[in-house]
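Coordinate analysis (summary)
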Amino acid sequence: METIDWKNLGFGYSKADFNIRCYYRNGQWGELEVSDSENVTLHIGATVFHYGQEAFEGLKAFRGKDGKIRVFRMDENAKRMQQSSRGILMAEVPTELFTGAVKKVVQLNKSYVPPFESGASLYIRPVLFGTGPQIGVKPADEYLFTVMVMPVGPYFKEGFKPTDLVIYREYDRAAPLGTGKIKVGGNYAASMVAGERAHHEGFSAVLYLDAREKKYLDECGPANFFAIKGDTYVTPKSESILPSITNMSLRQLAADMGLKVEERRIPVEELAEFDEVGACGTAAVISPIKRIYDADNHHEYFYGTEPGKISSQLYEKLRGIQYGLEPDPHNWTTEIE
Ligand code: PLP
Ligand code: COI
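Remember, predicted model here, so these are calculated numbers, not experimental data. (Residues numbered from 1 in each chain as written. Chains lettered and ligands numbered in written order. Predicted model: local features only at pLDDT ≥ 70, side-chain atom pairs only at ≥ 80, totals over all residues. Heavy atoms only, no water.)

A short note on the side chain of Thr146
Note on placement: Thr146 falls in strand E8 (residues 143–152). Contacts of Thr146, omitting those with residues within four sequence positions, involve Ile20, Arg21, Arg125, Pro126, Val127 and Phe129. (Helix = DSSP H or I, 4+ residues; strand = E, 2+ residues; numbered from the N terminus. Contact = heavy atoms within 4.5 Å.)

Structure follows, in structure tokens:
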């Protein structure tokens, strides 16, 4: 293993020692297999290539000050991958198989879990896809579930420093009754044109509006959106956004801190009334937002160059639980032996 510059890691792929594979054939899942290869051999007719039968997850393992490794809320990722399977008719990965694979892949790649001091973590990427051939539009009868890991730093290069978002009304990420609420690859393919334009124009992500009316906030590229308004934590309710596990955790932590929590439609104009705004997700953690530029109306909402007080408290609380610095009253973490 070459020496890793833990402190300067970005969010990108790098090879670890091992990954896990599990095949679904003849209506059942096989045993977990360990591999040191980054490749798989697939049928050219596999449904993943032709009809996008694919879903993925993202979760993290953290090395605490006490040296212990903890994985955050993996049962929720297992459940969400099952929802994705139901959404595009793939075989479901049972929770125990999912969590067993996550524990095993972390154990096998322990040396890639960044040291506590670096502030980095081990990103875990489970992927499920149709490997059986179909040429008519039908679900495959064979699937492969894989889990790979890699050490990562912050998704937005600013880390916990405020970042800039942009609103463009000419792109939709997902249709109102479509696949936005599940984690399928097609949603991310559909977001690349707008995402790349945002990067070229100096923004870290697109803040999407609802596809039906373009009146309400949906989510930001690879993360959910939240805001603080007085003593309230507000986050969009929408049928086309991914139910973020980080956001679910922040709603709980906000309530524990005595804040009110609202999940509701948020009209774009309400951006002018928020004290703090942020993006949240596994990769994004909590990324405070400095500025939101409405590109169609040439209007800017500005929030400040430093993270807000409540966002900082939520960040500290969440990181405290993930790194084992604080009690974990909701049993969100699993220690890896
Ligand atoms: N929204 C989208 C579109 C995402 O890709 C992600 C990342 O998984 C999130 C939100 C955040 O979800 P989570 O907090 O479960 O990582
Ligand atoms: C995550 O936060 O885990 C994601 O999947 C977001 C992005 C990298 C696609």
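Alright, that's what it looks like, and here's the rest.
Looking at the site of ligand 2
Around ligand 2, the surrounding shell consists of Phe11, Phe56, Gly58, Tyr123, Arg125, Tyr155, Lys183, Tyr188, Pro222, Thr282 and Ala283. A distance of 2.6 Å is found between an oxygen atom of ligand 2 and a side-chain nitrogen or oxygen belonging to Tyr123. Lys183 has a polar side-chain atom sitting 2.7 Å from an oxygen atom of ligand 2. Considered on its own, ligand 2 offers 280 Å² of accessible surface; in the complex 90% of this is hidden by protein. Grouping the amino acids of the shell around ligand 2 by side-chain chemistry returns seven nonpolar, two polar and two charged. In this structure, the shell around ligand 2 is formed jointly by two domains, domain 1 (6–152) and domain 2 (163–322), each of which donates at least three residues. (Near = heavy atom within 4 Å. Polar contact = N/O pair within 3.5 Å; in protein donor to acceptor, adjacent residues only side chain to side chain. Areas by Shrake-Rupley, 256 points an atom, 1.4 Å probe, with all protein chains shown as cover. Nonpolar A, V, L, I, M, F, W, Y, C, P; charged D, E, K, R; others polar. Domains from an automatic or database assignment.)

A closer look at the domain arrangement of the protein chain
Assigned domains of the protein chain: these are domain 1 (6–152) and domain 2 (163–322). Domain 1 and domain 2 are separated by 25 Å when their C-alpha centres are compared. Taken together, the 21 residues of domain 1 in the interface contact 18 residues of domain 2. A combined buried area of about 1,700 Å² lies between domain 1 and domain 2, and 63% of that area is made up of carbon and sulfur atoms. The largest share of the area that domain 1 buries against domain 2 comes from Phe56, Phe72 and Arg80, three residues that together contribute 34% of it. (Buried area = accessible area lost by both parts, 1.4 Å probe.)

As for the pattern of salt bridges
Per the counting criterion, the structure on display carries 25 salt bridges. Note that Arg80 is salt-bridged to Glu57, the shortest N-O span being 2.7 Å. Taken together, the residues span a long stretch of sequence, with Arg80 in helix H2 (residues 74–87) and Glu57 in the loop between strand E4 (54–56) and strand E5 (59–63) at a distance of 23 residues. The exposure classification of Arg80 matches that of Glu57, with both residues buried. Across the salt bridge formed by Arg197 and Glu201, the nearest N and O atoms sit 3.0 Å from each other. With relative accessibility at 25%, the residue Arg197 sits in the partly exposed group. Classification of Glu201 as partly exposed rests on a relative accessible area of 42%. (Salt bridge = Lys/Arg side-chain N within 4 Å of Asp/Glu carboxyl O. Buried < 20%, exposed > 50% of the residue type's maximum accessible area, 1.4 Å probe, protein only.)

Focus: the site of ligand 1
The immediate surroundings of ligand 1 are formed by 16 residues, with Tyr188, Glu219, Ser244, Thr246 and Thr282 found nearest. At a separation of 2.6 Å, an oxygen atom of ligand 1 approaches a polar side-chain atom of Ser244. Contact distances for ligand 1 include 2.8 Å between an oxygen atom and a backbone N or O atom of Ile245. When contributions to the shell around ligand 1 are tallied by element, the ones reaching two or more residues are helix H6 (245–256) and strand E15 (276–281). Tallied by class, the residues present in the shell around ligand 1 amount to six nonpolar, six polar and four charged.

Focus on the packing of aromatic side chains
Counting across every chain of the model gives 14 aromatic pairs. Their ring planes at 70° and their centres at 5.0 Å tell us that Phe62 and Tyr323 sit as a pair that is edge-to-face. One end of the pair, Phe62, is in strand E5; the other, Tyr323, is in the loop between helix H7 (309–322) and strand E18 (333–336), with 261 residues separating them in the sequence. Take Phe62 and Tyr323: they sit in the same class, and that class is buried. Summarising the aromatic geometry, the rings of Phe116 and Tyr323 are spaced 5.8 Å apart at their centres and angled 75° between planes, so their arrangement reads as edge-to-face. Here Phe116, found in the loop between helix H3 (95–108) and strand E7 (121–130), pairs with Tyr323, found in the loop between H7 and E18; they are 207 residues apart in sequence, far enough to count as distant. This pair shows no difference in class: Phe116 is buried, exactly as Tyr323 is. (Phe/Tyr/Trp six-rings, centres within 6.5 Å; stacked < 30°, edge-to-face > 60°.)

What about the side chain of Ser35?
As for its placement among the helices and strands, Ser35 is situated in strand E3 (residues 33–35). A relative accessible area of 12% means that Ser35 is categorised as buried. At 2.9 Å, the side chain of Ser35 and the backbone nitrogen of Ser37 are in polar contact. With residues near it in sequence (within four places) discarded, Ser35 still touches Asp17, Phe18, Asn19 and Arg21.

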